[in-house]
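Chain residues, written in single-letter form:
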Amino acid sequence: MPTGNLDEDSAAQSAETVRQLRALSTPPGAAALARAAALLDGRTDAVTALSRLRAEVGVDLAGPAWGIARQREKARPAFGADADRLLFTGDTLEQAGRPALAARRAGRLLDGGVRSVADLGCAAGTDTIALARAGASVVAVDRDPVARELTALNVAALGLRGVQVRDADVVDLVATADDGRVAGCDAAVLDPARRAGGRRLLDPDRWSPPWSTVLALLDRVPRCVVKVAPGLDHARVPDGVEAEWVSAGGSIVEALLWGRDLSTTWRRATLAGAGGAVELTADTDPGPAPVGPVRGWLHEPDPAVIRSGLVSLVATDLGATLVDPTIAYLTSDSTAGSPWTSSYPVTDVLPFNLKRLRALLRARGVGRVTVKKRGSPIEPETLARQLRGPGSGTAVVVVTRVAGAPTVLVCGPPS
Ligand SMILES: C[S@@+](CC[C@H](N)C(=O)[O-])C[C@H]1O[C@@H](n2cnc3c(N)ncnc32)[C@H](O)[C@@H]1O
């Protein structure tokens, strides 16, 4: 997706993509999409499928229909049944958030009394759709004509009302936001583009719109939520702004900054699952957890807890201590039974030494290990291969630092 000024070539390319999207939204286009999906489901190879499609639906529709069918296949795990009604380009699908999380954010905005929301950088419309479904009236803004077309067509395909799609530069809109409102709305969702040329942009000043616009929005529109990179430095979070890290399946899936009128705490860790969310909050910095010697159980905190700086809350809850002041592994005398940690029974603690470790595992009949590491340069897959042996037993090998020293904890399977 272009993030700079559209030059002539990319403007012509965008115009052509818009024309194709419109063609796919006609009844013959819908028939071409259905046929492309059937060929894809039937695992017909791309060359054969395209030549059949060309013969059946015409050259003009065949290529675009095949492209969309492939994006829909990729979108299905996250978008479910909607995927087969929505249109995406490769770029907009790559930039799309998870619809379930967009719905959660929309719910919190509306619970905060918000009625109209500006989706500042709508791409294919994931947030716009979630907001409209939650009952908000939405102004969906993007400077990219393909994004605007996708959002308009997707909203129409789902039969949603109350959405206006607008061409504007978010930087200008935010700079002129006034009286807590932007683009005529009383709240905003901002999801800056954080990739360029297929790479993550680690420097927030290079996001589009850049960090200065994120700060301006948080200042000028106190009912807003901004999606940021999970690695965002805490020092960047302005006072009075709640920062939330959301994880699912053991990985961080999004990080959010909530505007001052919607913030209800200092930091929040959220575990999002199929059955709903579990949350942990702190109104002030809880500080570091205490450090102590390795005990019978090792606990690996969920990444949302680690990123949000709430490890010490979990430690207090479990009566646990850190194995090292710089490493987010906790230890205690018993298993945790907490949604915030995976717990492993520790059988051995030894200094890091490959020969000794291999001998110990052989003596125990362990032939396969899962290697985990924190604060160590080792390559887990390589070490797991090096430790493979004839035994039928399994173990979890944790390579870390304990009180500053490179250490291995041999553990049983997680409880
Ligand atoms: C990360 S995507 C948004 C993804 C969307 N929230 C979703 O989940 O599908 C960012 C969007 O912002 C748009 N954008 C970036 N800078 C912009 C600017 N200065 N003005 C308007 N739109 C902009 C891009 O074209 C892109 O469509």
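Here, every reference points to the structure presented above.
Calculation rules
- Residues numbered from 1 in each chain as written.
- Predicted model: local features only at pLDDT ≥ 70, side-chain atom pairs only at ≥ 80, totals over all residues.
- Heavy atoms only, no water.
- Pairing = 2+ DSSP bridges.
- Helix = DSSP H or I, 4+ residues; strand = E, 2+ residues; numbered from the N terminus.
- Axes fitted to C-alpha atoms, helices over the stretch in contact; angles between N-to-C directions.
- Contact = heavy atoms within 4.5 Å.
- Near = heavy atom within 4 Å.
- Polar contact = N/O pair within 3.5 Å; in protein donor to acceptor, adjacent residues only side chain to side chain.
- Areas by Shrake-Rupley, 256 points an atom, 1.4 Å probe, with all protein chains shown as cover.
- Nonpolar A, V, L, I, M, F, W, Y, C, P; charged D, E, K, R; others polar.
- Salt bridge = Lys/Arg side-chain N within 4 Å of Asp/Glu carboxyl O.
- Buried < 20%, exposed > 50% of the residue type's maximum accessible area, 1.4 Å probe, protein only.
- Expected span 1.5 Å × (residues − 1).
- Bend = angle between axes of the 7 residues up to and from the residue.

Considering the sheet that holds strand S13 (residues 321-324)
Reading across the sheet, the seven strands line up as S13-S14-S12-S15-S18-S17-S16 and stay open at both edges, with mixed pairing between neighbours. The two strands at the open ends of the sheet, each matched to only one other strand, are S13 and strand S16 (366-373). Strand-to-strand twist in this sheet, taken as the mean axis angle between neighbours without regard to direction, amounts to 45°. Sheet strands touched by helix H12 (residues 311-318): strand S12 (297-301), S13, strand S14 (327-332) and strand S15 (341-351). Its angle to S14, the strand with the most contacts, is close to 5°.

Some words on the site of the ligand
If you check the shell around the ligand, you find 21 residues, and the closest are Thr126, Asp127, Asp142, Asp191 and Ser208. Between the ligand and Thr126 there is a distance of 2.7 Å, counted from an oxygen atom to a side-chain nitrogen or oxygen. The side chain of Asp127 places a nitrogen or oxygen atom 2.8 Å from a nitrogen atom of the ligand. Taken by itself the ligand offers 610 Å² of open surface, and the protein chains cover 99% of this. Elements with a contribution of two residues or more to the shell around the ligand: helix H7 (126-134) and helix H9 (170-175). Of the residues in the shell around the ligand, the class split is 10 nonpolar, five polar and six charged.

Some points on the pattern of salt bridges
Counting across every chain of the model gives 26 salt bridges. Glu244 is the partner of Arg108 in a salt bridge, and the nearest nitrogen-oxygen pair spans 3.9 Å. Taken together, the residues Arg108 in helix H6 (residues 99-111) and Glu244 in strand S8 (residues 242-248) connect sequence positions 136 residues apart. Comparing Arg108 with Glu244, the two get one shared label, buried.

A closer look at the pairing of strand S1 (residues 116-120)
S1 sits mainly inside the fold: five of its five residues count as buried. Across five bridges, the pairing between S1 and strand S2 (residues 137-141) is parallel. Within S2, the residue paired with Ala118 across the bridge is Val139. Here S1 pairs with strand S4 (residues 187-190) via four bridges, running parallel. Within S4, the position partnered with Val117 by the bridge is Ala187.

Some points on helix H13 (residues 354-363)
If you check the start of H13, you find a side-chain oxygen 3.0 Å away from the backbone N of Lys355, and it comes from Asn353. Backbone geometry just after H13 places Gly365 at a positive phi near 75°.

Let's talk about unusual backbone geometry
Looking along the chain, the bond that leaves Ser208 and enters Pro209 is cis, with omega of -5°. With respect to the secondary-structure elements, Pro209 resides in the loop between strand S6 (199-200) and helix H10 (211-220). The phi dihedral of Arg43 falls on the positive side, at around 60°, and the residue is not glycine. Inspection of the secondary structure assignment puts Arg43 in the loop between helix H2 (27-41) and helix H3 (46-57). What makes Arg43 exposed here is its relative accessible area of 61%.

A closer look at helix H4 (residues 59-79)
An ideal rise of 1.5 Å per residue puts 30 Å on 21 residues; H4 measures up with 29 Å between its terminal C-alpha atoms. Most pronounced at Glu73, the bend in H4 amounts to some 30°, and the proline Pro77 follows within four residues. Burial in H4 covers these residues: Leu61, Ala62, Pro64, Ala65, Trp66, Ile68, Ala69, Gln71, Arg72, Ala75 and Phe79. Contact partners of the buried residues in H4: helix H1 (8-24), H2, H3, helix H5 (90-95), H6 and H7. With its phi angle positive at about 60°, Gly80 sits one or two positions after the end of H4.

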